[in-house]
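Single-letter residue listing:
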Amino acid sequence: MTQNIHADRILIVDFGSQYTQLIARRVREIGIYCEILPYDADDNEFVEFAPKGVIFSGGPESTTVEDGPKAPQCLFDMAVPVLGICYGMQTMAQQLGGEVEISDHREFGYAQVRARGHSKLLKDIQDHINSEGHGVLDVWMSHGDRVAKLPGGFKCIASTPSAPMAGMADEERGYYALQFHPEVTHTLQGQRVLERFCREICGCDALWTAGNIVDDAVLALRDQVGDDEVMLGLSGGVDSSVLAALLHKAIGDKLTCVFVDHGLLRLGEGDQVMKTFADNMGVKVIRVNAKDRFFNELAGEADPEKKRKIIGKLFIDEFSTQARELAADGIKWLAQGTIYPDVVESAGTRSGKAHVIKSHHNVGGLPDDLEFELVEPLRELFKDEVRKIGVTLGLPKEMVMRHPFPGPGLAVRILGEVKWEYAELLRKADAIFIEELLAHDLYDKTSQAFVVFLPVKSVGVMGDGRKYDWVVSLRAVETIDFMTARWAHLPYDFLELCSRRIINEIDGISRVVYDISGKPPATIEWE
């Protein structure tokens, strides 16, 4: 492969919108590489990135207040196309000589936008035709301010009754702006709008494909580690599994994986990991059986945060022991499954100025005396891209496309104290629920589904006998971004089937309930 898959690139400037990462994912889906930088990054960061186009995100601030966030002048001096979205439109308008005002009628949610003044951006993109023959778009709005006066050289390209200038364009300079959000699925033609901007207006080719990403990563890995050996902590999760497959393709038997089996995985998952990687792919995997130690340390602890810390510390201890032995054998590199959202949310972008939302560490907290060099081949990728390259690498679809699973495993799906008895019951119930979701073609229609063990007993009747056994709850949600979620409206007959199978087939469970809580106010996981 000789082409540079990073050559055609889009810069996304973040003004604090909850949708910024969604913009980036949509651009990547078009097949174009992009990165997110905060609006207050150093000018050199923007210039060195050398994009073919720039997208300004929305944001929670207002341009009508003093010292609101502004786009650096260097971005306009690059002489490349710019697309402003929501706040991005407002700051463009204000900075380029227009005016923004607080609107009397705020718009939050669904709206219809009339396309005006044919532009390259919106030409022939529409959901409806109105009685006057004008194109109409179904879009998602989220704004309280609006552009009151266009900057010089701009024309109006879209409007709503509440925002007469809901879109603007200076086609000579390649500047476009939209008050609505094309990145959300509620804007039905949003992906076509973003593709029009990135492909046709910015002139980017679709080089960012799963196959190209794999080829590029393999070459980069071989160049980075040379003939050295690499160690990977293999959890069985999507990220570490895909990373193991990628590393194996790149460096073959120079990869050694350490799989710490803490006994809190799903039914048969430990054996599946070994079968997939050690047996079928020939990857060198050291399986550490640490079940007894984990359950002994968790005994008597009911607080979810303390359970997480116990599991995290034990994992580090077990992994460190193996790492010291492997380091003594000459292994120099430690591979981590860091992905792009981890980088962004940890303020790990090159400027380091993004606000820290949460810290991410795949094997965080390792002792200082473990002197490994770090290799992170997935740090440019979003989760959906990781899944795609996993399929490209030949991993089983059921492994790479499965629902999210918490780092502490079943420990946070067992409410209160964690016992082996509880884990075994939960494993079996969860396996039945997932098996039926797959059999009824419902698994891919839910975003996350699992069973929770409740530390309460309930009276039941089996045959002529009275039972007093444990209760479990089924949980299934539908979501796009996992920030909000709706409980999945699974068919009653299906829920009845799952309940009947769990109670009949698992000795120790007498009652099954279904969680109908949305997020918010509830969280998806129970702990």
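Residues numbered from 1 in each chain as written. Predicted model: local features only at pLDDT ≥ 70, side-chain atom pairs only at ≥ 80, totals over all residues. Heavy atoms only, no water.

S.K.: Quick question: what am I supposed to make of the overall build of the protein chain here?
M.R.: If you tally the helices and strands in the protein chain, you get 15 helices and 19 strands. Projected onto the principal axes, the alpha-carbon positions of the protein chain cover approximately 80 × 60 × 40 Å. The burial tally for the protein chain puts 56% of its 527 residues in the buried class. Here the analysis covers contacts within the protein chain between residues at least 6 apart in sequence; of these, 75% occur between residues at least 24 apart. Accessible surface, the protein chain: about 23200 Å² in total, of which carbon and sulfur atoms supply 48%. (Helix = DSSP H or I, 4+ residues; strand = E, 2+ residues; numbered from the N terminus. Buried < 20%, exposed > 50% of the residue type's maximum accessible area, 1.4 Å probe, protein only. Contact = heavy atoms within 4.5 Å. Areas by Shrake-Rupley, 256 points an atom, 1.4 Å probe, with all protein chains shown as cover.)

S.K.: Explain the packing of aromatic side chains here, please?
M.R.: Centre distance and the angle of the planes are the two values used to describe a pair of aromatic rings. Inspection of every chain in the model, using the stated rule, returns 14 aromatic pairs. Judged by centre distance (5.4 Å) and plane angle (90°), the ring pair of Y340 and F382 falls under edge-to-face. Of this pair, Y340 sits in helix α11 (residues 340-345) while F382 is found in the loop between β15 (373-375) and α12 (383-392), placing the two residues 42 residues apart along the sequence. Here Y340 and F382 have matching classes, each one buried. Between F453 and W470 the ring centres are 5.4 Å apart and the planes differ by 50°, which places this aromatic pair in the tilted class. With F453 in strand β16 (residues 448-462) and W470 in strand β17 (residues 465-478), the pair connects residues that are 17 residues apart, well separated along the chain. The exposure class assigned to F453 is buried, which follows from its relative accessible area of 0%. The exposure class of W470 is buried, given its relative accessible area of 13%. These aromatic residues form a ring-pair network of at least three members: F15, Y39, F56, F76, Y87 and Y175. Its end group placed over the ring of Y340, R28 keeps NZ or CZ at 5.4 Å from the ring centre. Seen from the ring of F450, R413 lies directly overhead, with NZ or CZ sitting 3.9 Å from the centre. (Phe/Tyr/Trp six-rings, centres within 6.5 Å; stacked < 30°, edge-to-face > 60°. Lys NZ or Arg CZ within 6 Å of the ring centre and 35° of its normal.)

S.K.: Honestly, the pattern of salt bridges in this entry has me stumped. Any pointers?
M.R.: Close approach of charged atoms allows side chains of opposite charge to pair. Following the criterion strictly, the structure yields 31 salt bridges and no others. Here R413 and E525 are joined by a salt bridge, their closest N and O atoms 2.7 Å apart. Of the two residues, R413 is situated in the loop between α13 (397-400) and α14 (420-439) and E525 in the segment after β19 (509-514); the sequence distance between them amounts to 112 residues. We classify R413 as buried; its relative accessible area is 2%. Salt-bridge contacts for E424 lead to R427; the nearest nitrogen and oxygen are separated by 2.9 Å. On the criterion of helical spacing, the pair formed by E424 and R427 is a turn pair, its members being 3 residues apart in helix α14. Within this structure, D261, D271, R287 and K291 form a network of salt bridges that share partners. (Salt bridge = Lys/Arg side-chain N within 4 Å of Asp/Glu carboxyl O.)

S.K.: Can you help me understand the nonpolar core in this one?
M.R.: A general trend in soluble globular proteins is that nonpolar side chains are found buried together. Counting residues in hydrophobic clusters, the biggest one holds 70 residues, and the most contacted among them are F56, M92, V230 and F277. If you tally residues by element for this core, the top one is helix α7 (residues 238-251), at 9 residues. Once you skip the residues sitting within four places of it in the chain, M92 turns out to touch F56, F76, V82, L83, G84, F154, M168, Y175, Y176 and A177. Ranked by size, the runner-up nonpolar core spans 52 residues in total, among them I331, A411, L474 and L490. (Core = buried A, V, L, I, M, F, W, Y, C linked by side-chain atoms within 4.5 Å.)

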